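Next come the chains, spelled out residue by residue.
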Amino acid sequence: MSAKIIDGKKIAAEIQEEAKQDADKLHERGIKPCLAVVLVGNNPASKAYVGSKVRACEATGIVSLKIEMETESPEQDLLEEIDRLNEDPNVHGILVQLPLPHHMDEERVTERIDPAKDVDGFHPENVGKLSIGIDCLTPCTPSGIPELITRSGIKMSGKHAVVVGRSNIVGKPMMNILVQKGDKANCTITCCHSGTDHLANYTRQADILIAAIGVPEFVTAGMVKEGATVIDVGINRVEDLEHSRGYRLVGDVDFDDVKEVAGAITPVPGGVGPMTVAMLMQNTVKAARMIHQSG
Ligand code: GUN
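All of these numbers come straight from a predicted model, not from anything done at the bench.

Colleague: What's the story with the environment of Leu 65 in this structure? I'm lost.
Modeller: Structurally, Leu 65 is set in strand 3 (residues 63-69). Separated by 29 residues in the primary sequence, Leu 65 and Ile 94 have C-alpha atoms spaced 9.4 Å apart.

So, in structure tokens, the structure goes:
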């Protein structure tokens, strides 16, 4: 039996279309949702991600501002740029692409963003709200995963979800999302990480296995329960001289191996990646709506 392939591009297009309809409603009220994306330095992967975020804004009816800063820029310059964006009434969402150069403190930068404009959901105020189930802006990558699963006709409530990875961007918010009440969550949760002994003992118990490890093709068939839903968050560049660009993209899951035991699986590329951008569009429209409700 070969797994159902979850089509992230198709589901992302649906969500982006819904965000566009919501943006159109704001346009009718004279509100133009606007996302500011800040890119520091010239990390090629970050440049590519920022490019896709700006293109998605155009397709969704969201105004985008792209702010590029030199790698060597002082942290103070970035903080002042964030202050300007926080105060600009025409800007509804602010995203500082991570990782930042080593001389910058990501925590300090994240905390400088106005929580109402924090479309990444990384500010401690939003992290706290998510953890106690208050409606807020939530991190894009983990927020897209319940959409991928439920829109593929797979039930989540009552299932055992095992998340491998404990990053602040994916693993930890994923746990907070999965444990909430509601049809797109209500899971029993286990979080595994680099300190977990006997990892496969846990992953083999997963009805839903979410891999956010950052190690190419780490999850193999022997780690997966038959029929499980496997969500691959990894995007790793591995050298491949047969490819014109010199590398190919692989996930944290050995796709060809795992698809033979899983019930459903996301591909890389074309799974979680497009969803992150679609959820960012949804968050930007939500931020604009909330700001204009309270303003
Ligand atoms: N770098 C990798 N993923 C993300 C993300 O979701 N948001 C930001 N700002 N940077 C990232």
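Colleague: Help me understand the sheet that holds strand 4 (residues 93-96), please; the structure alone is not making it clear to me.
Modeller: By definition, the strands of a sheet pair up through backbone hydrogen bonds, in either a parallel or an antiparallel sense. If you walk across this open sheet you meet the three strands as 3-2-4, and the pairing is parallel. Looking at strand neighbours, the two that pair on one side only are strand 3 and strand 4, the edges of this open sheet. Shown here is a sheet whose adjacent strand axes are inclined to one another by a mean of 15°, direction ignored. Inspection of the sheet shows strand 2 (residues 34-40) paired to strand 3 by seven bridges, in the parallel sense. In the strand pairing of strand 3, Leu 35 is matched with Ser 64. In this fold helix 2 (residues 44-60) packs onto strand 2, strand 3 and strand 4, with an angle of close to 165° to the strand it touches most, strand 2.

Colleague: How should the site of the ligand be read in this particular structure?
Modeller: What surrounds the ligand is the set Leu 95, Val 96, Gln 97, Leu 98, Asp 120 and Phe 122. Interatomic distance of 2.8 Å between a backbone N/O atom of Val 96 and a nitrogen atom of the ligand. In this structure, a nitrogen atom belonging to the ligand sits 2.9 Å away from a main-chain N or O atom of Leu 98. In isolation the ligand has 280 Å² of accessible area, and contact with the protein removes 83% of it. Residue composition of the shell around the ligand, by class: four nonpolar, one polar and one charged.

Colleague: Is there a simple way to think about the environment of Leu 199 in this case?
Modeller: Along the chain, the position of Leu 199 falls in helix 8 (residues 199-203). Note on Leu 199: relative accessible area 15%, which makes it buried. Separated by 24 residues in sequence, Leu 199 and Met 223 place their C-alpha atoms 8.3 Å apart. With sequence-adjacent residues up to four places away left out, Leu 199 is seen in contact with Val 164, Cys 192, Phe 218 and Met 223.

Colleague: Before we go on, may I ask you to explain the pairing of strand 4 in this structure?
Modeller: Looking along a regular strand, one sees the side chains alternate between the two faces of the sheet. Burial along strand 4 is two-sided: the face carrying Gly 93 and Leu 95 and the face carrying Ile 94 and Val 96 are both buried. Where strand 2 lies against strand 4, four bridges are found, and the strand directions are parallel. Within the sheet, the bridge partner assigned to Ala 36 lies in strand 4 and is Ile 94.

Colleague: Hey, could you run me through the pattern of salt bridges in this one?
Modeller: It is possible for side chains of opposite charge to pair when their charged atoms get near one another. By the definition in use, this model includes 17 salt bridges. A salt bridge links Arg 108 to Glu 75, with the nearest nitrogen and oxygen atoms 2.6 Å apart. Taken together, the residues span a long stretch of sequence, with Arg 108 in helix 4 (residues 106-112) and Glu 75 in helix 3 (residues 75-87) at a distance of 33 residues. Judged by relative accessible area, Glu 75 falls into the buried class, the value being 11%. When the shortest N-O distance is used, the salt bridge between Arg 112 and Asp 83 registers 2.9 Å. Here the residue Arg 112 occupies a position in helix 4, and Asp 83 occupies one in helix 3, the gap between them amounting to 29 residues. Classification of Arg 112 as partly exposed rests on a relative accessible area of 30%.

Colleague: How should the packing of helix 6 (residues 140-150) against helix 7 (residues 171-178) be read in this particular structure?
Modeller: Two numbers describe a pair of packed helices, the interaxial angle and the distance between the axes. Where helix 6 contacts helix 7, the axes come no closer than 8 Å and their chain directions differ by 40°. By the angle between their directions, the pair helix 6 and helix 7 is classed as oblique. Helix-helix and strand crossings are classified by hand; for helix 6 and helix 7 the assignment is right-handed. Of the residues in helix 7, those in contact with Pro 142, Ser 143, Ile 145 and Pro 146 of helix 6 are Pro 173, Met 174 and Ile 177. For the contact of helix 6 with helix 7, the class distribution of residues is six nonpolar, one polar and no charged.

Colleague: In this structure, what is going on with unusual backbone geometry? I would like to understand it.
Modeller: Only a minority of non-glycine residues have a phi that is not negative, and only a minority of peptide bonds are not trans. Residue Pro 99 follows Leu 98 across a cis peptide bond; omega there is 0°. Mapped onto the fold, Pro 99 is located in the loop between strand 4 and helix 4. With an omega of 0°, the peptide bond between Val 268 and Pro 269 qualifies as cis. For Pro 269, the position within the fold is in the loop between strand 11 (264-265) and helix 10 (272-294).

The rules behind these values
- Think of each chain on its own: its residues are numbered from 1, step by step along the sequence as written.
- Local features in a predicted model are, by the rule used here, given only for residues with pLDDT of at least 70; side-chain atom pairs are given and counted only at 80 or more, and totals for whole chains, interfaces and linings are based on all residues.
- Note that water and hydrogens are dropped before the side-chain values are worked out from all heavy atoms of the structure.
- Labels follow the DSSP assignment, with helices taken as runs of H or I lasting at least four residues and strands as runs of E lasting at least two, numbered in each case from the N terminus.
- The pairing criterion for strands is at least two bridges between them, as found by DSSP.
- Only C-alpha atoms enter the line fits that serve as axes; for helices the fit covers just the stretch in contact. Angles between N-to-C directions range over 0 to 180 degrees.
- The contact rule is simple, with two residues in contact once any of their heavy atoms fall within 4.5 Å.
- Proximity criterion: a residue is near a molecule or strand once any of its heavy atoms comes within 4 Å of it.
- Pairs of N or O atoms are called polar contacts if they sit within 3.5 Å, as long as, within protein, a hydrogen donor faces a hydrogen acceptor (for residues adjacent in sequence, only side-chain-to-side-chain pairs).
- Surface exposure here means Shrake-Rupley accessible area, sampled with a 1.4 Å probe, where a residue is shielded only by the protein chains that are shown.
- Nonpolar residues are Ala, Val, Leu, Ile, Met, Phe, Trp, Tyr, Cys and Pro. Charged residues are Asp, Glu, Lys and Arg, and all others, Gly as well, are polar.
- Partly exposed residues are those whose accessible area sits between 20% and 50% of the maximum for their type, while under 20% is buried and over 50% is exposed, using a 1.4 Å probe and protein chains only.
- The salt bridge definition used is simple: a Lys or Arg side-chain nitrogen within 4 Å of an Asp or Glu carboxyl oxygen.
- Reported orientations rely on four angle classes, namely roughly parallel under 35 degrees, roughly antiparallel over 145, roughly perpendicular from 65 to 115, and oblique for the rest.
- In this scheme the crossing of two helices becomes right-handed for a clockwise turn of the near helix relative to the far one and left-handed for an anticlockwise turn of less than a right angle.

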